[in-house]
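The lines below spell out each chain.
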Amino acid sequence: MSASFLYGGIEGGGTKFNCAVGNGPDSIIAEARFATTTPAETIGQVIEFFVPYADRIRGIGLGSFGPFDADPASPTYGYITTTPKPHWGNTNVLGLLKEKINLPFAADLDVAVSGLGEATWGASKNDSHSLYITIGTGIGGGYIINGQPLRGLVSLEMGHIRLARDPQLDPFQGACPYHGDCFEGLAAGPAVEKRFGQKGETLPDDHPFWGLEAGYIAQALVNYILSLAPQRIIIGGGVMQKDFMFPSVRRKTQELLNGYINHTMILNHIDEYIVPPALGGRSGVLGAIALAIESTSKKL
Ligand SMILES: [Zn+2]
């Protein structure tokens, strides 16, 4: 990792675009954020931000909200595809950037890029296999293996796995337009809002729903642990900001595994195993810089 070159990072989120120039967490020389309005306006602001640094930047990484085509071999690589978000459906985000900035670009789904940021500089920097999950307005996950986000036929869609729901305890049918009561349909922000007619932030800490929520998250983690065996699980997003959530999710994960995985990280060090992002709100934009560094060094 060279200190003499600068890289650009763009975290393209559904509410804002975070941009930065630098080459790591301690060397950010410029940062800005722009509201996600229309592609023309927002991408225009992103381009203006990078122009003064363009001759010093070696490459730019983009982590985009999804659904996003992250397959470089696909004809629609770099497109936000079927999003219901007004103005953004079928938008060639990468193409709009490349049209005005003549630099190498690399792009992936936002959660994969945040996971890469944590794996490069954050909570999982010493792990070869790590999982990053975000639980907010949507739920997504990125699995990072040796500095590369896992992708097969398509990007991972870890928020849409099926979970067991007890209709006695939780009669809510779920909010996912595709699957009803999948993980996201049960546990993301809009699901909470649809259940109670109020946002999760305003639901009291002692509300019994939080026990259910932690249980759904734990069920999902158990499935990921059993099928991917991550060395660390990082959970970001608004829901985990409540300080009782991490202890509750850790305890329920141990209960559901019931001693089956005989590893000290799960049996004795669960508080180091299931953790918040070490880079805080910067996982995404720093991950985008990591992606730029990784992809430009590969091309040399
Ligand atoms: Zn779903």
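Our structure is the block above this text.
All values reported here derive from a predicted model rather than from experimental measurement.

Take the pairing of strand β4 (residues 57–64) next. Burial of β4 is extensive: 7 of the 8 residues sit out of reach of the surface. As judged from the 6 bridges shared by strand β1 (residues 6–12) and β4, these two strands associate in the parallel manner. Note on β4: the bridge partner recorded for glycine 8 is isoleucine 60. Inspection of the sheet shows β4 paired to strand β7 (residues 105–109) by 5 bridges, in the parallel sense. Pairing of glycine 63 across the sheet is with aspartate 108, part of β7.

Backbone hydrogen bonds are what pair the strands of a sheet, in a parallel or an antiparallel way. Pairing in this open sheet of 5 strands is mixed, and the strands run β10-β9-β8-β11-β12 from one edge to the other. Every other strand in the sheet has two partners, leaving β10 (148–149) and β12 (274–275) as the edge strands with one partner each. Pairing of strand β9 (residues 139–145) with β10, which is carried by 2 bridges, proceeds in the antiparallel orientation. Paired with isoleucine 144 across the two strands is proline 149, which belongs to β10. Sitting on the sheet, helix α6 (residues 209–228) touches β8 (129–135), β9, β11 (232–236) and β12, and the angle it makes with β8 is about 160°.

Next up on the list: the packing of α6 against helix α7 (residues 245–257). Axes are the key here: two packed helices are described by the angle between their axes and the distance separating the axes. Two numbers describe how α6 lies on α7: the axes approach to 8 Å, and their chain directions differ by 50°. The angle between the axes of α6 and α7 places the two elements in the oblique class. Here α6 runs over α7; the crossing is right-handed. Judged by residue contacts, Ala214, Gly215, Ile217, Ala218, Gln219, Leu221 and Val222 of α6 engage Met245, Ser248, Val249, Lys252, Thr253, Leu256 and Leu257 from α7. Tallied by class, residues from the contact of α6 with α7 come to 9 nonpolar, 4 polar and 1 charged.

Definitions and cut-offs
Residues numbered from 1 in each chain as written. Predicted model: local features only at pLDDT ≥ 70, side-chain atom pairs only at ≥ 80, totals over all residues. Buried ≥ 20, exposed ≤ 12 C-beta atoms within 10 Å, placed from the backbone. Helix = DSSP H or I, 4+ residues; strand = E, 2+ residues; numbered from the N terminus. Pairing = 2+ DSSP bridges. Contact = placed C-beta atoms within 7 Å. Axes fitted to C-alpha atoms, helices over the stretch in contact; angles between N-to-C directions. Parallel < 35°, antiparallel > 145°, perpendicular 65-115°, else oblique. Left-handed = near helix turned anticlockwise from the far one by under 90°. Nonpolar A, V, L, I, M, F, W, Y, C, P; charged D, E, K, R; others polar.

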